[in-house]
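# A look at the structure
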Amino acid sequence: YPNPKQALYEINRVLKPGGTLILCDAWIFSPMRELFNLFIKYGSNGDVRIYSEKEIVELLESANFMNIEWKAVIKRAYICLCKK
């Protein structure tokens, strides 16, 4: 999403009270993440950035999500659960 903070605010707005957001996305360790982020914005697949765990948690917190649980599920992906 070009504006992930706004997208998360909108998801929070329409989610039922007490509802759960399940977020799963690509993830890689630093410093490879920083290298990918330099070039990924020029791709045609719509991705804008690969976020660190800390960045994802901060984005979710800024959109008023609570009980955030982040977990790497395979080498290159994570799943995150949080509540409205």
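Residues numbered from 1 in each chain as written. Predicted model: local features only at pLDDT ≥ 70, side-chain atom pairs only at ≥ 80, totals over all residues. Heavy atoms only, no water.

With that settled, consider the pairing of strand 3 (residues 77-83). Across seven bridges, the pairing between strand 1 (residues 20-26) and strand 3 is antiparallel. The partner of Leu23 across the bridge, within strand 3, is Cys80. Between strand 2 (residues 66-74) and strand 3, which pair antiparallel one after the other, the connecting turn spans two residues. (Pairing = 2+ DSSP bridges. Helix = DSSP H or I, 4+ residues; strand = E, 2+ residues; numbered from the N terminus.)

Once that is clear, we can look at the pattern of salt bridges. Considering all chains together, one arrives at three salt bridges under this definition. The residue Glu55 makes a salt bridge to Arg49 at a minimum N-O spacing of 2.7 Å. (Salt bridge = Lys/Arg side-chain N within 4 Å of Asp/Glu carboxyl O.)

Quick look at the packing of aromatic side chains now. Scanning the entire structure with this criterion turns up three aromatic pairs. Ring centres 5.1 Å apart and planes at 70° place the aromatic pair Trp27 and Trp70 in the edge-to-face group. Pair noted here: Trp27 is in the loop between strand 1 and helix 2 (32-40) and Trp70 is in strand 2, with a separation of 43 residues, a long-range link. On the accessibility criterion, Trp70 (16% relative accessible area) is buried. (Phe/Tyr/Trp six-rings, centres within 6.5 Å; stacked < 30°, edge-to-face > 60°. Buried < 20%, exposed > 50% of the residue type's maximum accessible area, 1.4 Å probe, protein only.)

Assignment of secondary structure puts Phe39 in helix 2. Residue classification places Phe39 among the exposed residues on the basis of a relative accessible area of 55%. In sequence terms Phe39 and Arg49 are 10 residues apart; their C-alpha atoms lie 9.3 Å from each other.

Along the chain, Asn12 turns up in helix 1 (residues 4-14). The contacts of Asn12, once residues within four sequence positions are left out, are Ala63, Asn64, Phe65 and Lys84. Only 3.5 Å separates the side chain of Asn12 from the backbone oxygen of Asn64, close enough to count as a polar contact. (Contact = heavy atoms within 4.5 Å. Polar contact = N/O pair within 3.5 Å; in protein donor to acceptor, adjacent residues only side chain to side chain.)

By themselves, these figures tell us nothing about what the structure is for.
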